[in-house]
Amino acid sequence: MAVETINSAKDAAGLAAMISHAAEQTGDKSRGPAPVERWNPPFCGDLDMEIRADGTWFYMGTPIGRAPLVRLFSTVLRKDEDGKTYLVTPVEKVGIRVVDAPFIAVEMNVGEKDDAPLLTFRTNVGDVVEVGAEHPLRFEISGENKELKPYLLVRGRLEALVSRAVMYDLVELGEVIEIDGEDMFAVRSGGEIFPIMPAAELSELSK
């Protein structure tokens, strides 16, 4: 009998079954993300899986429409020092393509903790993340239209791109704060300050 590998799965459901079986071998019954940072399996090639910029997952050219499958795959994702993203089990590591960020932040809650502002995001795969020192926000301005793109560190090196609708709500919370002698447009959360852009640049963009 041929040995089953991740690369031999014929569809997303078959792939999910293999990953579930491999993860169960650890004896970890947690429903959260798998302890992929502790696993050091051999690299077994690239997988025909892609996460598009809008957060849609594709396997072998077909979108994965079942949310439970996507959530399962998201729990075994790892981004390594080489900048590439992998599906990781205790016995295999396979590369996948990520167009932008592997996750999308689709909801934001504005609250307080210890009398300080606290932003909490929910991702498209069910992660709930409080913004702070361990889960910082960073901002990029990219493209010909100088599009503002906020990213949230979810776990490991994996980030969520803040959706456009949520991004507008996030920017509304911004304020001008002096950082290292320069006025910066920034947001606060979890006792930290996250600069968005120099206040002078914001003024130019607003004209």
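Residues numbered from 1 in each chain as written. Predicted model: local features only at pLDDT ≥ 70, side-chain atom pairs only at ≥ 80, totals over all residues. Heavy atoms only, no water.

Digging into the overall build of the chain
Assigned secondary structure in the chain consists of four helices and 15 strands. Expressed along its principal axes, the backbone C-alpha trace of the chain runs to roughly 65 × 40 × 30 Å. Out of the 207 residues in the chain, the part that is buried amounts to 42%. When the accessible surface of the chain is totalled, it reaches about 11,700 Å², and 48% of it is carbon and sulfur. Computed over 22 positive and 35 negative side-chain charges, the inter-centroid distance for the chain is 7 Å. (Helix = DSSP H or I, 4+ residues; strand = E, 2+ residues; numbered from the N terminus. Buried < 20%, exposed > 50% of the residue type's maximum accessible area, 1.4 Å probe, protein only. Areas by Shrake-Rupley, 256 points an atom, 1.4 Å probe, with all protein chains shown as cover. Lys, Arg positive; Asp, Glu negative; His and termini not counted. Charge placed at Lys NZ, Arg CZ, Asp CG, Glu CD.)

Quick notes on the pattern of salt bridges
By the definition in use, this model includes 14 salt bridges. Between Glu50 and Arg52 there is a salt bridge; the shortest N-O distance is 2.4 Å. Taking the shortest distance from any N to any O, the salt bridge between Arg188 and Glu175 comes out at 3.1 Å. Taken together, the residues Arg188 in strand E14 (residues 182-189) and Glu175 in strand E13 (residues 175-179) connect sequence positions 13 residues apart. Assessed through its relative accessible area of 32%, Glu175 is described here as partly exposed. Among the ionic contacts, a cluster of salt bridges with common partners joins Asp48, Glu50, Arg52 and Arg97. (Salt bridge = Lys/Arg side-chain N within 4 Å of Asp/Glu carboxyl O.)

A closer look at the sheet that holds strand E6 (residues 93-98)
Across the sheet, which stays open at both edges, the six strands sit in the order E3-E2-E1-E6-E5-E4 with mixed pairing between neighbours. At either margin of the open sheet sits one strand with a lone partner, and together these are strand E3 (62-63) and strand E4 (77-79). (Pairing = 2+ DSSP bridges.)

A short note on the nonpolar core
Residues Leu15, Met49, Phe73, Leu87, Phe121 and Leu137 are the most contacted members of the largest nonpolar core, which totals 50 residues. Not counting residues within four places of it along the chain, the set of residues in contact with Leu137 comprises Leu119, Phe121, Val131, Tyr151, Leu152, Leu170, Val187 and Phe194. (Core = buried A, V, L, I, M, F, W, Y, C linked by side-chain atoms within 4.5 Å. Contact = heavy atoms within 4.5 Å.)

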